[in-house]
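Given next are the chains, with one letter for each unit.
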Amino acid sequence: MRTDLVRPGSGELTYEIRNIVNVAEKLQKHGVRINWENIGDPIVKGEVIPEWMKEIVAKAVMDNSTWGYCHTRGVLQTREYICETTNSRGGAQITPDDIIFFNGLGDAIAKIYGSLRSEARVLMPSPSYTTHTLGEIGHAHSAPSLFRLKSEDKWRPDMDDLRNHIKYNPNICAIMIINPDNPTGMVYTEETLREIVQIARENDLFIIADEVYINIVYNGEKTVPISDVIGDVPAISLKGISKEFPWPGSRCGWIEVYNGNSDEQFRKYVNLILTGKMNEVCSTTLPQTVIPEIVRHPEYTLYLQERIACYEKMSNCLSQVPALQVNRTNGAFYMAVAFKDGLLNHRQSISIANSEVKELVEGLVNQPGVSPDKRFVYHILAATGICIVPLSSFSTPLQGFRVTLLEKDENECRRIYSTLSEKIGEYLNS
Ligand SMILES: Cc1ncc(COP(=O)(O)O)c(C=O)c1O
């Protein structure tokens, strides 16, 4: 090309959760059976959608209006329903104009970061869900500002670290949290949320709260939505149906804007996000249309509780492995584990029976710049077919991996975790 097409460094950005799929697919061709523990898609892991839910969607498909464009902000009745739900909690009060639907939260996240001035930075947790960090890197063209979640303390946020970033970096305009968290499964306490809101208030910042897992909590935990504690601070909450119904293929999520008019800069920013959506006309109509009927259905709560009970059963799954720093998960459906310091190196390996598979994987992990946990994860994939994601790909210096808790077959689930435990031992002792 006669001119550079991409910014320096941007060609190197990768989304490892999906990247590893390419490797796994190559291994499949060599006969390796893959367990997809890399991605938060309950459908891939055998979730069976109840008939009543399918019937609601089928009925909606027969209605011509679901085939058309909808309002740029989204279907009005659904936005009214969401307002009722949020407002009835007694915290932040919103109107349908404070809600914008997107083609999945991936779309919302791209617009939330993409609408910011490149100097304005969002402080986010480390480890962090990749789409947020890539969104932030993409808009700012530099590494994200990160506050630490403490692997040694149940993945609770390091509040001193968070305060220090804000104190020393005047470009920080917002604090982003994911509650319940991906990749750690940590649930923020009400006290911590109030503290974060107070820090935002004192420093004139806004809050981005990704609450896509808000109703997926267990082990007696409760999630407090940010709307309950936000008071007068401007904020954006992200919610969606990908994980809860679960319908990730619907590409349907929304933002709720709290205190949207309390600050002129924030008002203009939200307006820019809306303009971005206006350029696309609107988001997918059909899934928006069915949300109220599905959530109000008498069997919805029970169905969700049954799913959540399965995640709870697995929430301590790798705690017996001495080499790992494991925290029980209390929400969402991922577990992030870190290897204890210094345990991984670039010489370790696991025996891989198939010589072609061995050659393929050795070729990938022996390239310069491959992190020790990526090396580990690729070896596990080749030797066992279990597809997990390196922890270091979630913007953290910690070395470990993220595994999902989604396997529907309990025996298979236990087999996966016991295979992982066994192979970790073999790898570390090699
Ligand atoms: C924390 C978090 N936010 C957003 C998303 C994206 O969801 P969607 O399917 O709505 O794009 C995910 C998907 O895994 C997620 O884990």
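Above this text sits the structure in question.
Residues numbered from 1 in each chain as written. Predicted model: local features only at pLDDT ≥ 70, side-chain atom pairs only at ≥ 80, totals over all residues. Heavy atoms only, no water.

Remarks on the overall build of the chain
Next, step 1: The secondary structure content of the chain amounts to 14 helices and 14 strands.
Next, step 2: In terms of overall size, the chain behaves like a compact globule, its C-alpha atoms giving a radius of gyration of 22 Å where 430 residues would be expected to give roughly 22 Å.
Next, step 3: With respect to the three principal axes, the spread of C-alpha positions in the chain is 60 × 55 × 55 Å.
Next, step 4: Looking at the chain residue by residue over its 430 residues, the buried ones come to 56%.
Next, step 5: A separation threshold of at least 6 residues defines the contact pool for the chain, and within that pool the share at least 24 residues apart is 72%.
Next, step 6: Each charge class in the chain was averaged separately, 44 positive and 53 negative side chains, and the resulting centres sit 3 Å apart. (Helix = DSSP H or I, 4+ residues; strand = E, 2+ residues; numbered from the N terminus. Rg over C-alpha atoms; globule rule 2.2 N^0.38 Å. Buried < 20%, exposed > 50% of the residue type's maximum accessible area, 1.4 Å probe, protein only. Contact = heavy atoms within 4.5 Å. Lys, Arg positive; Asp, Glu negative; His and termini not counted. Charge placed at Lys NZ, Arg CZ, Asp CG, Glu CD.)

Quick notes on the nonpolar core
Next, step 1: Membership of the largest hydrophobic core comes to 136 residues, with the highest contact counts inside it found for Leu 318 and Phe 401.
Next, step 2: With seven residues, the top contributor of residues to this core is strand β6 (residues 172-178). (Core = buried A, V, L, I, M, F, W, Y, C linked by side-chain atoms within 4.5 Å.)

Quick look at the environment of His 30
Next, step 1: You can see His 30 is positioned in the loop between α1 (16-29) and β1 (35-36).
Next, step 2: Take His 30: its relative accessible area is 28%, and that puts it in the partly exposed class.
Next, step 3: Residues His 30 and Ser 355 lie 325 residues apart in sequence; the distance between their C-alpha atoms is 10.0 Å.
Next, step 4: With residues near it in sequence (within four places) discarded, His 30 still touches Asn 354, Glu 356, Val 357 and Leu 360.

Let's talk about the site of the ligand
Next, step 1: Around the ligand lies a shell of 14 residues, among which Leu 105, Asp 210, Tyr 213, Ser 242 and Arg 251 are the nearest.
Next, step 2: For the ligand, an oxygen atom lies 2.6 Å from a polar atom in the backbone of Leu 105.
Next, step 3: Measuring from an oxygen atom of the ligand, one finds a side-chain N or O atom of Tyr 213 at 2.6 Å.
Next, step 4: When the free accessible area of the ligand is taken as 390 Å², the share hidden by the protein chains comes to 93%. (Near = heavy atom within 4 Å. Polar contact = N/O pair within 3.5 Å; in protein donor to acceptor, adjacent residues only side chain to side chain. Areas by Shrake-Rupley, 256 points an atom, 1.4 Å probe, with all protein chains shown as cover.)

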